[in-house]
Amino acid sequence: MSRAQLALDVDDIDTAITFYSKLFGVAPAKVKPGYANFAITEPPLKLVLIENPGQGGTINHLGVEVDSSGRVHEEIARLTGEGLFTDEEIGTTCCFATQDKVWVTGPGGERWEIYTVLADSDTFGSQPIPAPAPSVRADAAPAGATNTTCC
């Protein structure tokens with residue numbers, strides 16, 4: 001199974017959770033301080049909300065969630081073969097989960113990740129990733145996270 005991911009910055013996590021629960025008719029799959037995600041079946045979407053007051057309504061990053069580490073590695077090989085620069089993070093902690101992922105940057109500076117979740121984590125992140133493109137802010141993480149853009 002694959003599904004698109006949309007990570008949004010929101011001004012207030014509680015207000016956003018209420019709105020998106022009503023919009024998609026589902027409760028969040030995970031809620032942590034300053035963070036929530038929804039595993040929406042129809043349409044297939046992983047909606048990630050990151051509390052970032054003053055930046056609400058902006059895209060933090062985009063992604064595709066895949067079902068295995070093998071798929072992530074296949075995408076690394078495919079994207080490299082297409083001549084795209086990839087930024088790989090294997091076994092990283094991000095958005096309250098341990099993940100394998102690869103990042104690419106689109107022509108407009110938008111950051112895309114292809115990732116799989118390996119396990120839940122009690123922390124937002126442990127490893128900063130390289131500075132995001134100018135269209136994605138480095139401060140788009142809950143308090144206590146350091147220069148991370150992930151999920």
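Below or above, wherever it landed, is the structure these notes cover. (Residues numbered from 1 in each chain as written. Predicted model: local features only at pLDDT ≥ 70, side-chain atom pairs only at ≥ 80, totals over all residues. Heavy atoms only, no water.)

1. A look at the nonpolar core
Among the nonpolar cores identified, the biggest contains 12 residues, and these are Leu8, Val10, Ile13, Ala16, Ile17, Tyr20, Ala36, Phe38, Ile40, Leu45, Leu47 and Leu49. Counting only elements with at least two residues in this core, the list comes to strand 1 (3–10), helix 1 (13–24), strand 3 (35–40) and strand 4 (45–51). For this core, the leading source of residues is helix 1, giving 4 residues. Excluding anything up to four places from it in sequence, leucine 45 contacts Arg3, Ala4, Gln5, Leu6, Phe24, Phe38, Ala39 and Ile40. Listed in part, the 8 residues of the second largest apolar core include Ala7, Tyr35, Val48 and Phe124. (Core = buried A, V, L, I, M, F, W, Y, C linked by side-chain atoms within 4.5 Å. Buried < 20%, exposed > 50% of the residue type's maximum accessible area, 1.4 Å probe, protein only. Helix = DSSP H or I, 4+ residues; strand = E, 2+ residues; numbered from the N terminus. Contact = heavy atoms within 4.5 Å.)

2. A few points about the pairing of strand 5 (residues 58–65)
Sheet analysis places strand 1 next to strand 5, joined by 7 bridges and oriented antiparallel. From the neighbouring strand, alanine 4 faces strand 5, where its bridge partner is valine 64. Pairing of strand 5 with strand 8 (residues 111–120) involves 4 bridges; the strand directions are parallel. Paired with glycine 63 across the strands is glutamate 113, a residue of strand 8. (Pairing = 2+ DSSP bridges.)

3. With respect to helix 1
Think of an α-helix as 3.6 residues a turn; residues three or four steps apart then line up on the same face. Along its 12 residues, helix 1 runs 16 Å from first to last C-alpha, staying within 8% of the 16 Å computed at 1.5 Å per residue. Where helix 1 is concerned, the buried positions are Ile13, Ala16, Ile17 and Tyr20. When helix 1 is viewed along its axis, its buried side chains cluster within an angular range of 100 degrees and face the same direction. For helix 1, the exposed residues lying more than 90 degrees away from the buried face are Asp14, Thr15 and Lys22. At the N-terminal end of helix 1, a side-chain oxygen is found 3.2 Å from the backbone nitrogen of aspartate 14, two or three residues along, and the residue is aspartate 12. Two residues or fewer past helix 1, glycine 25 is found with a positive phi of approximately 70 degrees. (Expected span 1.5 Å × (residues − 1). Arc of directions from axis to C-beta. Polar contact = N/O pair within 3.5 Å; in protein donor to acceptor, adjacent residues only side chain to side chain.)

4. Notes on the pattern of salt bridges
Between side chains of opposite charge, a pair can form as their charged atoms come close. Applying the stated criterion across every chain, the model contains 4 salt bridges. Linking glutamate 65 and lysine 46 is a salt bridge whose minimum nitrogen-to-oxygen distance equals 3.3 Å. Here glutamate 65 is found in strand 5, whereas its partner lysine 46 is found in strand 4, with 19 residues between them in sequence. Each member of the pair, glutamate 65 as well as lysine 46, carries the same accessibility label: buried. (Salt bridge = Lys/Arg side-chain N within 4 Å of Asp/Glu carboxyl O.)

5. Overview of the environment of phenylalanine 85
Note that phenylalanine 85 resides in the loop between helix 2 (69–81) and strand 6 (87–94). The class of phenylalanine 85 is exposed, set by a relative accessible area of 69%. For phenylalanine 85 and valine 104, which are 19 residues apart along the polypeptide, the C-alpha to C-alpha distance reads 6.4 Å. Residues within four places of phenylalanine 85 in sequence aside, it is in contact with Trp103 and Val104.

6. What about the sheet that holds strand 2 (residues 30–32)?
The strand order across the open sheet formed by 8 strands is 2-3-4-1-5-8-7-6, and the pairing between neighbours is mixed. Each end of this open sheet is capped by a strand with a single partner; those strands are strand 2 and strand 6. For this sheet the average axis-to-axis angle between neighbouring strands, irrespective of direction, equals 20 degrees. In the sheet, strand 2 pairs with strand 3 via 3 bridges, with the strands oriented antiparallel. The residue of strand 3 that forms the bridge with lysine 32 is tyrosine 35. (Axes fitted to C-alpha atoms, helices over the stretch in contact; angles between N-to-C directions.)

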